[in-house]
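Coordinate inspection notes
Spelled out, the chains give:
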Amino acid sequence: MADRAIFQDFVVSRSDRLLRTAYLLTRDWGIAEDLLQESLSKAWFAWPGIDEPEAYVRKVLVHTYTSWWRRRWRRELPSDDLPEAAPHDTAGDPAGDLAGGRREELWRAVGRLPARQRAVIVLRFYEDLPVSEVAGLLGCQEGTVKSQTAKALTKLRQDEAMVKELRR
């Protein structure tokens, strides 16, 4: 029963940050919620043996996202009707200090990156994780993280919409 209470406290206290991470990976609030839900349900079964819960859930989140991306996971069908914008908290968002459209354009540009590069950028700069931890989460070498980061930053610097926005 104590494990259940500790898990519940963890979910209540860390879900917002983990949901933002999931959103930055998926660029869709609904899919991000599904991703977080699945990651938390996987963590529940392993809960008694977890030493670092947030790191564990973040790793499960990234691995689940990667497996969805590899399978080209699609549950939702495109629609002409746009849903209402989901409210989201920007507290603690490293891009939060950018003025209005610039911040949004930055995240749109990150969303245009290939999935692996987007994951590296989110984990390195949004989650502020060291290269070694990102490599562990993604199951690759540190050199791969560094090269993917360099490629992603180059693409962001060359993104036409970003360049236009920054020239304003």
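Everything below is about the structure printed above this text.
Residues numbered from 1 in each chain as written. Predicted model: local features only at pLDDT ≥ 70, side-chain atom pairs only at ≥ 80, totals over all residues. Heavy atoms only, no water.

Concerning the side chain of Q148
- You can see Q148 is positioned in helix 7 (residues 142-158).
- Look past the residues within four positions of Q148 in its chain and what remains in contact with it is R116, Q117 and V120. (Helix = DSSP H or I, 4+ residues; strand = E, 2+ residues; numbered from the N terminus. Contact = heavy atoms within 4.5 Å.)

Topic: helix 2 (residues 29-46)
- The end-to-end C-alpha distance of helix 2, which contains 18 residues, comes to 26 Å, matching closely the 26 Å that a straight helix rising 1.5 Å per residue would cover.
- Turning to helix 2, its buried residues number three or more, namely W29, A32, L35, L36, S39, L40 and A43. Buried residues of helix 2, seen end-on, are gathered within an arc of 130 degrees and therefore sit on one face of the element. Opposite its buried face, helix 2 presents the exposed residues Q37 and F45, each directed more than 90 degrees away.
- Near the N-terminus of helix 2, the side chain that reaches the backbone nitrogen of G30, with its oxygen 2.9 Å away, is that of D28. (Expected span 1.5 Å × (residues − 1). Buried < 20%, exposed > 50% of the residue type's maximum accessible area, 1.4 Å probe, protein only. Arc of directions from axis to C-beta. Polar contact = N/O pair within 3.5 Å; in protein donor to acceptor, adjacent residues only side chain to side chain.)

Structural notes on the packing of helix 5 (residues 115-126) against helix 6 (residues 131-138)
- Here helix 5 crosses helix 6 at 140 degrees, and the two axes come no closer than 10 Å. Taken together, the axes of helix 5 and helix 6 lie oblique to each other. Classified by chirality, the crossing of helix 6 by helix 5 is right-handed. In this structure, helix 5 uses R116, A119, V120, L123 and R124 to contact helix 6, whose residues at the interface are V131, V134, L137 and L138. (Axes fitted to C-alpha atoms, helices over the stretch in contact; angles between N-to-C directions. Parallel < 35°, antiparallel > 145°, perpendicular 65-115°, else oblique. Left-handed = near helix turned anticlockwise from the far one by under 90°.)

Remarks on the environment of E127
- Residue position: E127 is located in the loop between helix 5 and helix 6.
- Spatially, the C-alpha atoms of E127 and R58 are 9.8 Å apart, while their sequence positions differ by 69 residues.
- In contact with E127, other than residues within four places in its own chain, are R17, T21, R58 and V122.

Thoughts on the packing of helix 6 against helix 7
- Two elements in contact, helix 6 and helix 7, have axes whose closest approach is 8 Å; the angle formed by their N-to-C orientations is 100 degrees. When the axes of helix 6 and helix 7 are compared, the pair comes out roughly perpendicular. Touching V131, S132, V134 and A135 of helix 6 are E142, V145 and K146, all from helix 7.
- Classifying every residue of the contact of helix 6 with helix 7 gives four nonpolar, one polar and two charged. (Nonpolar A, V, L, I, M, F, W, Y, C, P; charged D, E, K, R; others polar.)

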